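Close look at the chain arrangement
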Amino acid sequence: MQKILLVAGARPNFVKIAPLWREFSKFQSVEVKIVHTGQHFDDAMSQFFFDDLQLPKPDYNLNIHGGSHAVQTGQIMECFDPVVEKEDPDDVIVTGDVNSTLACALVAVKRGIRTSHVEAGLRSFDRTMPEELNRIVTDSVSDLLFVSEDSGLKNLKREGVDQNKVFFVGNVMIDSLTFINSQIKSSTILKHLGIKALNYGLVTLHRPSNVDSPEQLSKIMEWLGDISNDIKLVFPVHPRTKKNLEELSSKRLIKSVNHSNLMIISPQRYIDFQKLLKSARFVITDSGGIQEETTWQGIPCITLRNNTERPVTIDIGTNYLTGDDLNLASTIIKNCIKGTTKQGNIPPLWDGKAASRIAKVIINHHTDRP
Ligand code: UD1
């Protein structure tokens, strides 16, 4: 029997582990357990994703959230270590680039457990992003590296990583999208919000670089207010952004949170959010995963960041990187409204079968321990 621990902590991780859990569950020779670190804990950020993705209740919930990056990472390590000791798995699998990814990879390798990183090799080359540090460290300690796009292969090669550890498997996030794609149709979220397909832009922002500075956040909110004069905007607000917006409002540092055409709503569950994304005229974001989801759905994406660790979404997909050049972003949005933006294609191996490729490697490379 091969025992595997699948780790997830934050919203994007749930989307990434779901296809892996389904795939490994097909094998009688494999026992797979889910460890939730607790990094994201609101129902809307966690439980509803488990429901929509038909994931079972986690076998462990470490209930760690909040705190500085170091404290959060340290506390997750402290609580994950006894789980690894007790379960003594053959494999630990971590996904993405959040603090839980780094914390659990470190624990697993320190205990000599084979550790796999799914979504390896991505680099923004911006070390001010906590995710970039998480990616670099997780890749450098992991035993098996599963890569979602060509840039990841190049980055790992340039860093001198042993190529026998590296596997180009495609994108597990897309596996989840293909899994729920037919259910997107039945979502009633547009009706519920009173909006019509293609008549609005969807907005998500939660990166510290955009939402933690009051000046930057109020500048962006003023700009969104202006855009909403031309087209309705729907903005599901992440808890980090919500907290910062509330502070701006209470200190009266902002006047435009309440534009009538700018709908600020709570975080949406996975299927409803994908309905909003697929039906939008364009998406404005600073998320990593949403750059990929818009590329796969062929929806124009305006990314308010100076860099992206997912360049394939620009080179092949529908993504535009505008940084904090809001004039450039406005021009692209005008083109989206006119329908004159690039069409984009789907990157190689984003075909809904990444998890099955990963499972093959992890199961075929398994040797029973004495
Ligand atoms: C984290 C990840 C980021 C990822 C994002 C997805 C790191 C360094 N960052 O950022 O890469 O893109 O998740 O959403 O791991 N909070 C709640 N309820 C929740 C979740 C969070 O109130 O369910 C609060 C937290 O208590 C904290 C803030 O939101 O005050 C930020 O949460 P945290 O997990 O630290 O980072 P994110 O900004 O969500």
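Residues numbered from 1 in each chain as written. Predicted model: local features only at pLDDT ≥ 70, side-chain atom pairs only at ≥ 80, totals over all residues. Heavy atoms only, no water.

This brings us to the domain arrangement of the protein. Domain boundaries in the protein define domain 1 (2-171 + 350-364) and domain 2 (182-338). Taking only C-alpha atoms into account, the centre of domain 1 sits 27 Å from that of domain 2. Each partner contributes residues to the interface: domain 1 has 26 residues there, and domain 2 has 20 residues. Roughly 2,000 Å² of surface becomes buried between domain 1 and domain 2 when both sides are summed, with 54% attributable to carbon and sulfur atoms. Three residues, Asp52, Glu149 and Trp350, lead the burial of domain 1 against domain 2; their summed loss comes to 30% of the area buried on that side. Inspection of the region where domain 1 meets domain 2 yields four salt bridges. Among the salt bridges present, the one from Glu119 reaches Arg310, with a minimum N-O distance of 3.0 Å. Of all elements in the fold, only helix 1 (11-25), helix 2 (47-52) and helix 5 (130-141) reach the threshold of two or more residues within the side of domain 1 that touches domain 2. Per element, the largest residue contribution to the side of domain 1 that touches domain 2 is four residues, and it comes from helix 2. (Domains from an automatic or database assignment. Contact = heavy atoms within 4.5 Å. Buried area = accessible area lost by both parts, 1.4 Å probe. Salt bridge = Lys/Arg side-chain N within 4 Å of Asp/Glu carboxyl O. Helix = DSSP H or I, 4+ residues; strand = E, 2+ residues; numbered from the N terminus.)

Our focus in this paragraph is the nonpolar core. Across soluble globular proteins, nonpolar side chains show a tendency to be buried alongside one another. In terms of nonpolar packing, the biggest core is built from 40 residues, with Leu20, Phe24, Ile93, Phe146, Ile358 and Ile362 touching the most fellow members. When residues of this core are traced back to their parent elements, those giving at least two are strand 1 (2-8), helix 1, strand 2 (30-36), helix 2, strand 6 (144-147), helix 7 (172-184), helix 12 (270-278) and helix 16 (354-364). The element best represented in this core is helix 16, accounting for seven residues. Both domain 1 (2-171 + 350-364) and domain 2 (182-338) contribute no fewer than three residues apiece to this core. Every residue in contact with Phe24, bar those within four places of it in the chain, is listed here: Ile4, Val30, Val32, Ile93, Ala359, Ile362 and Ile363. Ranked by size, the runner-up nonpolar core spans 26 residues in total, among them Trp223, Leu224, Ile231 and Phe282. (Core = buried A, V, L, I, M, F, W, Y, C linked by side-chain atoms within 4.5 Å. Buried < 20%, exposed > 50% of the residue type's maximum accessible area, 1.4 Å probe, protein only.)

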